[in-house]
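# Fold and geometry: a report
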Amino acid sequence: MPLPDAPRRTRRWRLPAALALVAAVLLPAVPASAHDFPTGSSPKAGSTVTAPLKSVSVTFDEAVLTYGRGSTVLRVIGPEGRHFETACPTVTDRTVSVTTRLGGSGRYTVSWRVVSADGHPVTDSLAFTYRAPSGTAAAGGSTDGPACGAGTGAPRAASSSGTSGVVVLVAVVGGLLVLLVAAAVVVAVLLTRRRG
Ligand SMILES: [Cu+2]
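Below or above, wherever it landed, is the structure these notes cover. Source: prediction; values computed, not measured.

## What about the overall build of the chain?
For the chain, the count of helices and strands is 4 helices and 8 strands. In the chain, the succession of helices and strands from N to C terminus is α-α-α-β-β-β-β-β-β-β-β-α. Contacts in the chain between residues at least 24 apart in sequence constitute 69% of all its contacts with a sequence separation of at least 6.

## Section: the nonpolar core
Among the nonpolar cores identified, the biggest contains 19 residues, and Trp112 and Val114 are the most heavily contacted of them. Elements with a contribution of two residues or more to this core: strand 3 (55–60), strand 4 (73–77), strand 6 (95–99), strand 7 (106–115) and strand 8 (121–130). Sorting elements by how many residues they give to this core places strand 7 first, with 5 residues. When neighbours within four sequence positions are excluded, Trp112 is seen to be in contact with Val58, Val73, Leu74, Val96, Thr123, Asp124 and Ser125.

## Let's talk about the sheet that holds strand 3
Strand order in the open sheet formed by 4 strands is 1-3-6-5, and the pairing between neighbours is antiparallel. In this open sheet, the two edge strands, each paired with only one partner strand, are strand 1 (38–42) and strand 5 (90–92). Put simply, the sheet's adjacent strands are angled 20° from each other on average, direction ignored. Across 5 bridges, strand 3 lies against strand 6 in antiparallel orientation. Following the sheet pairing, Thr59 is matched in strand 6 by Thr95.

## A word on the sheet that holds strand 8
The strand order across the open sheet built from 4 strands is 2-8-7-4, with neighbouring strands paired in mixed fashion. Edge positions in the open sheet fall to strand 2 (48–49) and strand 4, since each of these has one partner strand only. The pairing of strand 2 with strand 8 spans 2 bridges and is parallel. Residue Thr48 lies in a different strand from strand 8, and its bridge partner there is Thr129.

Reading guide: rules and limits
Residues numbered from 1 in each chain as written. Predicted model: local features only at pLDDT ≥ 70, side-chain atom pairs only at ≥ 80, totals over all residues. Helix = DSSP H or I, 4+ residues; strand = E, 2+ residues; numbered from the N terminus. Contact = placed C-beta atoms within 7 Å. Core = buried A, V, L, I, M, F, W, Y, C linked by C-beta atoms within 7 Å. Buried ≥ 20, exposed ≤ 12 C-beta atoms within 10 Å, placed from the backbone. Pairing = 2+ DSSP bridges. Axes fitted to C-alpha atoms, helices over the stretch in contact; angles between N-to-C directions.

Now the structure itself:
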């Protein structure tokens, strides 16, 4: 008899359809909490600079928000830990830049704290190598860099960044748990119906 088979065939699609629906509802929540990440920089990470460097910039995937003085930090730290940025950073849409006068040859670290498009601060850094061209006067740098409001001193955002990372992790794990529970409920309902 072909008739009893028809409803069973329909039922077989219920689970994948329900899971797809649950996934469609939950998954968009994950990329929404993503933070700005660097898509490029000048100089490039890991590169070697052999000419005097007038500025350093980092470009992000999304807009960098500014909340007045000090919300954006961009530092250029030389081999001996001195600062070689000569002004406070400027933000143009997705790019943060700062003027520089480098010291001697060596490894320089560019570190930043920027406010992501979602309002959360992120911190990170990259490094490049400077090979000072002969005849170039090495700048002395400074101990703390220019005073730029909240941006001076130790990078406060190191902890903020860690906190928002945990928040994202909790959101992702929570989302997966909800997905898992929803799947279990769907399976249970399906098994109960099939038995009945
Ligand atoms: Cu965030």
